[in-house]
Amino acid sequence: MEYLIAFIIGGLICVVGQIMLDVAKITPAHVMVTLVVSGVVLDFIGIYDGFIKFAGAGATVPIISFGHSLYHGALQELNQTGAIGVANGMFEVPAAGITAAIAFSFLASLVFKPKG
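These numbers come from a predicted model, not from an experiment. (Residues numbered from 1 in each chain as written. Predicted model: local features only at pLDDT ≥ 70, side-chain atom pairs only at ≥ 80, totals over all residues. Heavy atoms only, no water.)

A. Spotlight on the nonpolar core. Membership of the largest hydrophobic core is limited to seven residues, which are I9, I13, Y48, I52, A55, A59 and I64. Residue assignment for this core shows that the elements contributing at least two residues are α1 (2-22) and α3 (48-55). In terms of residues, this core owes the most to one element, α3, which gives three residues. When residues no more than four places from it in sequence are discounted, the contact partners of I9 are F51, F54, A55 and G58. (Core = buried A, V, L, I, M, F, W, Y, C linked by side-chain atoms within 4.5 Å. Buried < 20%, exposed > 50% of the residue type's maximum accessible area, 1.4 Å probe, protein only. Helix = DSSP H or I, 4+ residues; strand = E, 2+ residues; numbered from the N terminus. Contact = heavy atoms within 4.5 Å.)

B. Layout of the UniProt feature "transmembrane region" (unreviewed entry) in the protein. When the UniProt feature table is mapped to this numbering, "transmembrane region" (unreviewed entry) covers residues 6-24, 31-48 and 93-112. Note that residues 6-24 is 89% helix and 0% strand, and that its end C-alpha atoms are spaced 26 Å apart. The span residues 31-48 shows a helical share of 89% and a strand share of 0%, and its end C-alpha atoms are spaced 19 Å apart. (UniProt positions renumbered as here; feature names shortened; annotations may be inferred.)

Structure (structure tokens):
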């Protein structure tokens, strides 16, 4: 059942993004920024952690979770080092995910040849 819930929730987040592209006619960059900021706002209000407990990977894999990670990193550094560490904290927590995405993309580019 966990897999089904994760699939449905993750799919619904993607549907929202697709509707924003098709109906609102906004650019993919605007959709991405909107979803990242939505993750920050939902985490700020205190909703996103409960959403993760309910949806699991359906809430942690999409781009909306990146905003959640940025917010948590900034808040963690704010509590430890003060306002000066906020910018550093935003990139410290999600750094592992970003690094993994870059590394796996590079490895995939070595294995597969693009069609031209």
